[in-house]
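Tertiary structure, described
So the chains spell out like this:
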Amino acid sequence: MSLALPLVLTVAAVGCSSVPLKESGTLSTYSNLGAPKGKLSKSRAFVDGLTLAPIKTVAIEPTRFGFAAASRIKSPADRAMVANALDRALCISLSDRYQMVAAGESADLTIRSMITDIVPTNKTMAGVSTVVTVGTGFALPVGVPRLPVGLGGLAVEAEAVDKSGAQRAAMVWARGANSLQNNPRVSEVGDAYGLASKFSSEFSRMLIAGKEPKGLDLSLPSRQRMKSWLGGKPKYLAFGREPGLVGAVAAKYGAPPQWTEKKPKAAVAY
């Protein structure tokens, strides 16, 4: 224990990937955004809480890839998987509050998201980290965190517009994986896949609350959200099911998310 704890603290202090905030030009306006905030997740955000209060129906347009992000991940299937994970997490969270309708149908609010940047995960180092982390978990009283090498990251920008096309909420967001919170997965998009749901959680919290999220979300998840996370049929099936417990076990042992995800349609790149 005396040998393991200093190593854990040392790795935790340095083990974080950095992803800068970017403006890709896809939002209808950036002038509403506030100053950058956050430590783990960095973001600039805007939300019109009064206008959002009476909203009842929401549509999610399929997430697109910016040119810079698409050029970093060559596989269309991998890009589609990350985009679908983001949209699915948004849909599951927002369905606690709103009636979700299909993209293209009339809705009080339409969400448009763009993945602006991805830092690919180093698959070799992810594999090594998995072996070290899992192995030391059996041998030591304190498991060694993920090695702080080859960590991935993700940057997203999204906005919610009303029927007239006016921006009612927007967020420019970036986050890198870290040694303590992100399991290494042997895939170029292993970290981006996990971080996509982090973005969706923050953006959906902002929409539902009508204000920028502050600190950790300590509220208990709804019954439908728990069912969806465990792999059950979600309230709205537009973006498929979560991998559930099988996906959680696969993540623990470093398996690529491609092993437990059903193949989504290819994400659009611009």
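Residues numbered from 1 in each chain as written. Predicted model: local features only at pLDDT ≥ 70, side-chain atom pairs only at ≥ 80, totals over all residues. Heavy atoms only, no water.

1. Notes on the pairing of strand S5 (residues 109-119)
- For S5, a buried count of nine out of eleven residues is recorded, marking the element as mostly surrounded by other parts of the structure.
- Judged from the three bridges that link them, strand S2 (residues 57-60) and S5 form a sheet pairing that is parallel. Among the inter-strand pairings, Ile60 is bridged to a residue of S5, identified as Ile111.
- Pairing analysis gives two bridges linking strand S3 (residues 64-65) to S5, with the strands arranged parallel. Each bridged residue has a counterpart across the sheet, and for Phe65 the counterpart in S5 is Ile115.
- Relative to strand S6 (residues 153-162), S5 is paired through ten bridges, and the arrangement is antiparallel. Within the sheet, the bridge partner assigned to Asp117 lies in S6 and is Ala155. (Buried < 20%, exposed > 50% of the residue type's maximum accessible area, 1.4 Å probe, protein only. Helix = DSSP H or I, 4+ residues; strand = E, 2+ residues; numbered from the N terminus. Pairing = 2+ DSSP bridges.)

2. Observations concerning the side chain of Asn178
- As for its position among the elements, Asn178 is in the loop between strand S7 (167-176) and helix H6 (190-209).
- Overall, the relative accessible area of 7% leaves Asn178 in the buried class.
- Looking at Asn178, its side chain comes within polar contact range of the main-chain nitrogen of Gln181, at 2.7 Å. (Polar contact = N/O pair within 3.5 Å; in protein donor to acceptor, adjacent residues only side chain to side chain.)

3. With respect to a positive patch on the surface
- On the surface, a cluster of positive charge is contributed by Arg223, Lys227, Lys233, Arg241 and Lys262.
- Position of Arg241 among the secondary structure elements: in the loop between helix H7 (223-229) and helix H8 (244-252).
- Overall, the relative accessible area of 44% leaves Arg241 in the partly exposed class. (Patch = residues over 30% accessible without salt bridge, like charges linked within 9 Å, V, L, I, M, F, W, Y side chains within 5 Å. Areas by Shrake-Rupley, 256 points an atom, 1.4 Å probe, with all protein chains shown as cover. Salt bridge = Lys/Arg side-chain N within 4 Å of Asp/Glu carboxyl O. Lys, Arg positive; Asp, Glu negative; His and termini not counted. Charge placed at Lys NZ, Arg CZ, Asp CG, Glu CD.)

4. Observations regarding helix H4 (residues 76-94)
- Between its first and last C-alpha, H4 extends 27 Å over 19 residues, near the 27 Å set by a 1.5 Å rise per residue.
- Of all 19 residues that make up H4, 17 are buried, and the element is covered over most of its length. (Expected span 1.5 Å × (residues − 1).)

5. Concerning the confidence of the model for the protein
- On average, residues of the protein score 88 in pLDDT, and 89% of them are at 70 or above.
- Contacts from residues 1-13, a stretch scored under 50 in pLDDT, to residues over four places away or in other chains number 15 contacts. (pLDDT = per-residue confidence, 0-100. Contact = heavy atoms within 4.5 Å.)

6. Description of a nonpolar patch on the surface
- On the surface, Met226, Trp229, Leu230 and Leu245 cluster together into a nonpolar patch covering about 400 Å² of accessible area.
- Relative to the helices and strands, Leu245 is located in helix H8.
- A relative accessible area of 57% means that Leu245 is categorised as exposed.

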